[in-house]
Amino acid sequence: MTQEQYRQYPDEKGHFGPYGGRYVAETLMPALLELEAAFNRFVPDSEFQAELRVMLHTYAGRPTPLYCARRLSDKLGGAAIYLKREDLLHTGAHKINNTLGQALLAKKMGKTKIIAETGAGQHGVATATAAAYFGMECKVFMGVEDIRRQAPNVKRMELLGATVEPVASGTGTLKDAMNEAMRYWVSAIRDTFYVIGSVAGPHPYPTMVRVFQKIIGEEARAQVMETCGRLPDLLIACVGGGSNAMGLFYPFLNDDVAIMGVEAAGKGVETGKHAATLTAGTTGVLHGSKSYLLQDECGQIREAHSISAGLDYPGVGPEHALLKDLGRITYMSVKDDEALKAFETLCRVEGIIPALESSHAVYCAMTEAKKRSTEDIIMVNLSGRGDKDLGIVAGVDEIKAK
Amino acid sequence: MTRIEKTFDRLAAANEKALVGFITAGDPDTAKSFEIISSMIDNGVDVLELGVPFSDPTADGPVIQRSSARAIKSKMTLGKAKEMVGSIRKKYPDTPVIVFSYYNPIYAYGIENFYGDFVSAGADGVLVVDLPPEESDEMTGKWTGDPLPLIRLVAPTTPDDRMKHIADVSEGFIYMVSKTGVTGSAGLDAQESSGQVARLKQMTRLPVCVGFGISTPADVADMARVADGVVIGSAFERTIENNIEDPDLAGIIGRQTAGYKAATRM
Ligand SMILES: Cc1ncc(COP(=O)(O)O)c(C=O)c1O
């Protein structure tokens, strides 16, 4: 396969090779077709792009810096590590790139109500923020377990005027929040826009979210060319549903650059308590698209586990599934305790408190840097900041102290 | 003639509409589930929709979610559902059985295996909630041999041209979703649903069955006036849930069934 072919997906029905598609109930199909038509009509339009650019610049805080983490690199004694600072965005994560884009599209479509699912709460907060910005009504579905472990974000969403709908079914995590958001959407389909938070879900969501997130990689590419005069040797990002990763990776897919996606290994892939979908999953259909899934032999979805709510999901975006099969991206996984170690290191050495999700990518970068020469450049997507995780980290410290 | 065709012909001759009963296989357990199904058919269910549970039923409301969870807990699988279809076929040679599920369990079972096993067990059709016409070729395209109709759905949101296309590719009967919502949503708007049915009836000669949110004999009577069949699902599961310890659970469901069936006689 020639390199250019990595960016030819999806086909007109939203298939990324054997993955993707639209596996949804008939009630939702007309809404997805309407959304696809609106996406194709409005988003490429220069007026839409100009409006979005202004919002991203003056409101969200783009461009984000590309920061050379010299003390971290020196400490490890290997490749230079550059951090793409999505944690510095308004609301504290890359999620806002996508929610501003989708909310602007919702406005163009004349929708006045938006809903979202959330795991870590970052996408929920970013959606609530976009809703406040546009004066829309907002409802966010969040699992009860995530409400417990990401409490600060629940308060933030409420302050922003959103209603947080607790979801107690299943494991009370991201998967269940998405189930419930889809159920609600069916009943409110005529006036409600569903803002999906990752490159998952039925077509056109995986493509649309990637289109709104690829600004991360476009900026990073220009920035590294400017500061280093060349492309990086390796890109690293964490993968929950896969949006911050696709955002960074997409503009580099046809370049001679190694790419690694980092999944959550939880307590260890061998223990079964993990969220390493691409590493240990099999093909199936969940939440409207075909991709890799954590499931049993009868096709029942398995519980995922990760210390980080944003990675605690038994599925993954279909484009990642394809890029794995094509061998373009290498996927590996990092355990809870390893992510915590990277979290602490980045706090102490660089004065940056990363999200636990992003800490998975940082850990991978730390091990890869040691293996490489000081000439090499590794670029990491620091997808979010860790303020929301202080409770979890404090809880872990308490357990350690006992 | 297929069992589905014979059933609708027989009902038309008797001036009756079809009572389509949905039940989750294996709820609360395999043995009781078979008793419940027998009681439903004995008391007037004309077409059985046998639900095979999925862990993440996004088109279903709380009642069927809980029913699915009970069935998964009792270890119901497609493999066991196939045996159940076989037993139903033996006891009730004329009652059409439609296997109902989400796509993932069928995909995991293997599309060809599913077809082979369920055709030989005596199933008359399949309904896969999350497999719209855009994706269904990947399944039915692998089914060569005896027909196993894929029962298609149309919704209140389905526009005319799309409805026409679905009607054209449909086999067996067409399932008209009566409202925008998940299963078990309360409150049937009989007038609006009747309008939807009329819209679809103009586009097809296949029988049209209406479901979602139908729970009382009065609802059944309203829909039976315009449609060829009426689907009851959550209302049966709710009865199971409320009488789960009752030794006469199958009898209770039977009496409920008879009440609905009476409302289908014109
Ligand atoms: C900071 C951060 N990074 C990463 C993720 C994972 O999502 P994705 O893989 O779509 O980037 C989340 C999700 O909540 C997040 O909050």
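Up top you'll find the structure we're talking about.
Residues numbered from 1 in each chain as written. Chains lettered and ligands numbered in written order. Predicted model: local features only at pLDDT ≥ 70, side-chain atom pairs only at ≥ 80, totals over all residues. Heavy atoms only, no water.

Visitor: Before we move on, can you summarise the overall build of chain B with the specific residues and values?
Guide: When you go through chain B residue by residue, the secondary structure sums to 12 helices and 8 strands. Principal-axis analysis of the C-alpha atoms places the extent of chain B at approximately 45 × 40 × 35 Å. Looking at chain B as a whole, 61% of its 266 residues qualify as buried. Residue pairs in contact within chain B that sit at least 24 positions apart in sequence constitute 73% of those at least 6 positions apart. Here chain B has roughly 9,900 Å² of accessible surface; of this, 51% comes from carbon and sulfur atoms. Here chain B carries 27 positive and 36 negative side-chain charges, and the mean point of each set is 3 Å from the other. (Helix = DSSP H or I, 4+ residues; strand = E, 2+ residues; numbered from the N terminus. Buried < 20%, exposed > 50% of the residue type's maximum accessible area, 1.4 Å probe, protein only. Contact = heavy atoms within 4.5 Å. Areas by Shrake-Rupley, 256 points an atom, 1.4 Å probe, with all protein chains shown as cover. Lys, Arg positive; Asp, Glu negative; His and termini not counted. Charge placed at Lys NZ, Arg CZ, Asp CG, Glu CD.)

Visitor: Outline the pattern of salt bridges, supporting the account with residue identities and numerical values.
Guide: Applying the stated criterion across every chain yields a total of 46 salt bridges over all chains. Between Arg149(A) and Asp312(A) there is a salt bridge whose closest N-O contact spans 2.6 Å. Here Arg149(A) is found in helix α6 (residues 144-149), whereas its partner Asp312(A) is found in the loop between β13 (289-293) and α13 (318-325), with 163 residues between them in sequence. The same class applies to Arg149(A) and to Asp312(A), which are both buried. Salt bridges sharing common partners tie together Arg10(B), Glu16(B), Asp46(B), Lys261(B) and Arg265(B). (Salt bridge = Lys/Arg side-chain N within 4 Å of Asp/Glu carboxyl O.)

Visitor: I'd like to hear about the sheet that holds strand β7 (residues 208-211) of chain B, residue by residue, with values.
Guide: Residue and element names in this part refer to chain B. Within the open sheet, the 8 strands sit side by side as β4-β3-β2-β1-β8-β7-β6-β5. Their pairing is parallel. The outermost strands of the open sheet, each flanked by one partner alone, are β4 (125-128) and β5 (152-154). Pairs of neighbouring strands in the sheet enclose a mean axial angle of 25°, with direction left out of account. Here 2 bridges tie β7 to strand β8 (residues 229-232), and the two strands are oriented parallel to one another. Bridging from a neighbouring strand, Cys-209 pairs with Gly-229 of β8. Across the sheet, helix α2 (residues 30-42) is in contact with β1 (18-24) and β2 (47-51); its angle to β1 comes to roughly 175°. (Pairing = 2+ DSSP bridges. Axes fitted to C-alpha atoms, helices over the stretch in contact; angles between N-to-C directions.)

Visitor: Account for the site of the ligand, with residues named and values stated.
Guide: All names here are of chain A. Near the ligand lie 19 residues; those nearest to it are Ser-198, Gly-240, Gly-242, Ser-243 and Ser-383. Here an oxygen atom of the ligand and a backbone polar atom of Gly-241 are 3.3 Å apart. Contact distances for the ligand include 2.7 Å between a nitrogen atom and a side-chain N or O atom of Ser-383. In isolation the ligand has 390 Å² of accessible area, and contact with the protein removes 97% of it. Its residues assigned to classes, the shell around the ligand comprises 6 nonpolar, 11 polar and 2 charged. (Near = heavy atom within 4 Å. Polar contact = N/O pair within 3.5 Å; in protein donor to acceptor, adjacent residues only side chain to side chain. Nonpolar A, V, L, I, M, F, W, Y, C, P; charged D, E, K, R; others polar.)

Visitor: Run through the side chain of Thr58(B), naming residues and quoting values.
Guide: Mapped onto the elements, Thr58(B) comes out in the loop between β2 and α3 (62-73). Those residues within four positions of Thr58(B) in sequence are excluded, and the remaining contacts are Asn179(A), Met182(A), Arg183(A), His287(A), Tyr102(B) and Val182(B).

Visitor: Explain the packing of helix α5 (residues 122-134) of chain A against helix α7 (residues 151-159) of chain A to me, using residue names and the numbers behind them.
Guide: Residue and element names in this part refer to chain A. Running from N to C, α5 and α7 point in directions that differ by 10°, and their axes come no closer than 9 Å. It follows from the interaxial angle that α5 and α7 lie roughly parallel. Listed contacts from α7 to Gln-122, Gly-124, Val-125 and Ala-128 of α5 are Asn-153, Arg-156 and Met-157. The residue makeup of the contact of α5 with α7, split by class, is 3 nonpolar, 3 polar and 1 charged. (Parallel < 35°, antiparallel > 145°, perpendicular 65-115°, else oblique.)

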